[in-house]
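Working through the structure, step by step
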Amino acid sequence: MYYKPLKDNKKTLAVAPMMDWTDRHCRYFHRGLTRHALLYTEMVTADAVIHGDRARLLGFGEDEHPLALQLGGSDPQKLTEAARIGADFGYDEINLNVGCPSDRVQSGTFGACLMLQPQQVAACLAAMKSAVSLPVTVKCRIGVDDQDPEVALDNFADAVVDAGADAIWVHARKAWLHGLSPKDNRSVPPLDYGRVYRLKQRLPDQFVGINGGIASLDEAEAHLARADGAMIGRAAYQNPEILADIDRRFYDETAGTAGIVGAVERMIPYAEDICRNGGRAAAVTRHMIGLFQGRPGARRWRQILTVESARPGAGAEVIATALQAVEAAGGLAVSPASEGSQAA
Ligand SMILES: Cc1cc2nc3c(=O)[nH]c(=O)nc-3n(C[C@H](O)[C@H](O)[C@H](O)COP(=O)(O)O)c2cc1C
């Protein structure tokens, strides 16, 4: 089941789609930390899905479920074809990106600039919905440029709800389409959680999830009191240990994931397999560098994974070596100093 209900109600915790970050290796790692959080792919354009190397762009392992494919595009026909292909690959959800502000994306007329064209987005979603039986969802901003978010987000949401969107994930800040890099567009426009809560109040029957600046599970829980889902991006990637508490805390699951050490050990045979098939250990270990943040040995962990993994011929043994270094430093015996801290 896709939106696996949290303990007492139907809510969802998700790890955000992040280009260059939430690739297959990253998702395999995250899945070792949480069985239930909804994971998202990086954005893949509809054109790439249709014309590109599908096995490379869309392939994933069975144990990555539940997994949503995020598409970029604005052409209903192409998106429909891409959604169909995604469904055939076995994804659990198809999500449309209406939040990315990069120039490359704008020139293709998709991403955040589609906040200016709610009817076009609605046409895309309706077409995708008619082609696949999966949930079709959208991830958007509260507005762009000089739009008034009070008006723009309601107009946008009404259009996509009419089109049948199964979930609206809102990154709770505007995107500024000119003059800000994509990176700055994730921190400079101010967060406005209240705007997303008001959308949820106005649409009580619609799944509305919130994203942006959520740094801890305490914060996620506070959002879940006022929205249907909480999506964590950078904090999950940079400090993946926070994912390890999700199943127990939100899904009432005591069995299952084997904690952070188990999640690391699970990566060793995985990386061996990748290396055996011509891949590089560093492609896997780069996603693990943020683990153990705040624990003794964290710096050594980062060093070993960064430097040793990059050596020619480096293999999965790097992971075991780095884990031993954390253990030797006493990092496995204690709780992290605090979420987000940078202790050695
Ligand atoms: C490296 C990076 C790549 C991103 N790529 C995407 C993407 O492909 N699609 C998307 O919808 N958002 C993308 N985002 C935005 C995140 O999904 C999220 O909305 C944003 O980082 C705010 O959440 P956070 O504060 O929890 O990180 C990206 C963010 C980062 C940091």
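These numbers were taken from a predicted model, which means no experiment stands behind them.

**Topic: the site of the ligand**
Near the ligand lie 17 residues; those nearest to it are P17, Q70, N211, G213 and R234. Here a nitrogen atom of the ligand sits 2.8 Å away from a polar atom, N or O, in the main chain of M19. Residue Q70 places a side-chain N or O atom 2.7 Å away from a nitrogen atom belonging to the ligand. Summarising the interface, the protein chains cover 94% of the accessible area of the ligand, which totals 600 Å² for the free molecule.

**Quick look at the pairing of strand β2 (residues 38-45)**
Counting buried positions along β2 gives seven out of eight residues, so the element sits mostly inside the fold. Where β2 meets strand β3 (residues 67-72), five bridges bridge the pair, whose relative direction is parallel. In the strand pairing of β3, Y40 is matched with A68.

**A few points about unusual backbone geometry**
At the junction of H65 and P66, the peptide bond is cis and its omega measures out at -10° in the coordinates. Phi at D20 takes a positive value of approximately 75°, unusual for a residue other than glycine. Within the secondary structure, D20 is located in the loop between β1 (12-15) and α1 (24-33). With a relative accessible area of 48%, D20 lands in the partly exposed category. Backbone geometry places D145, a non-glycine residue, at a positive phi of 45°. If you trace the backbone, D145 turns up in the loop between β5 (136-141) and α7 (149-162).

**Brief notes about the environment of I232**
Inspection of the secondary structure assignment puts I232 in strand β8 (residues 229-232). Residue class for I232 comes out buried when judged on its relative accessible area of 1%. Taking C-alpha positions, I232 is 7.1 Å from G212, a pair spaced 20 residues apart along the chain. Dropping the residues within four chain positions of it, I232 is found in contact with A14, V15, A16, I214, L217, A220 and I242.

**A word on the pattern of salt bridges**
Scanning the model with the defined rule gives 19 salt bridges in all. Among the ionic pairs, D63 bridges to R266, the shortest N-O distance being 3.9 Å. Of this pair, D63 sits in the loop between α3 (54-58) and β3 while R266 is found in helix α12 (residues 259-276), placing the two residues 203 residues apart along the sequence. Assessed through its relative accessible area of 39%, D63 is described here as partly exposed. On the basis of relative accessibility, which here comes to 22%, the residue R266 falls in the partly exposed class. Of the charged contacts, one joins R249 and D218 as a salt bridge, the two residues approaching to 2.5 Å between their closest N and O atoms. In this pair, R249 sits in helix α11 (residues 246-251) while D218 sits in helix α9 (residues 217-224), placing the two residues 31 residues apart along the sequence. Look at D218 and you get exposed, because its relative accessible area is 52%. A single network of salt bridges, built from pairs that share partners, joins E150, D154, D158, R195, R198 and R202.

Definitions and cut-offs
- Residues numbered from 1 in each chain as written.
- Predicted model: local features only at pLDDT ≥ 70, side-chain atom pairs only at ≥ 80, totals over all residues.
- Heavy atoms only, no water.
- Near = heavy atom within 4 Å.
- Polar contact = N/O pair within 3.5 Å; in protein donor to acceptor, adjacent residues only side chain to side chain.
- Areas by Shrake-Rupley, 256 points an atom, 1.4 Å probe, with all protein chains shown as cover.
- Buried < 20%, exposed > 50% of the residue type's maximum accessible area, 1.4 Å probe, protein only.
- Helix = DSSP H or I, 4+ residues; strand = E, 2+ residues; numbered from the N terminus.
- Pairing = 2+ DSSP bridges.
- Contact = heavy atoms within 4.5 Å.
- Salt bridge = Lys/Arg side-chain N within 4 Å of Asp/Glu carboxyl O.

These figures capture arrangement, not role.
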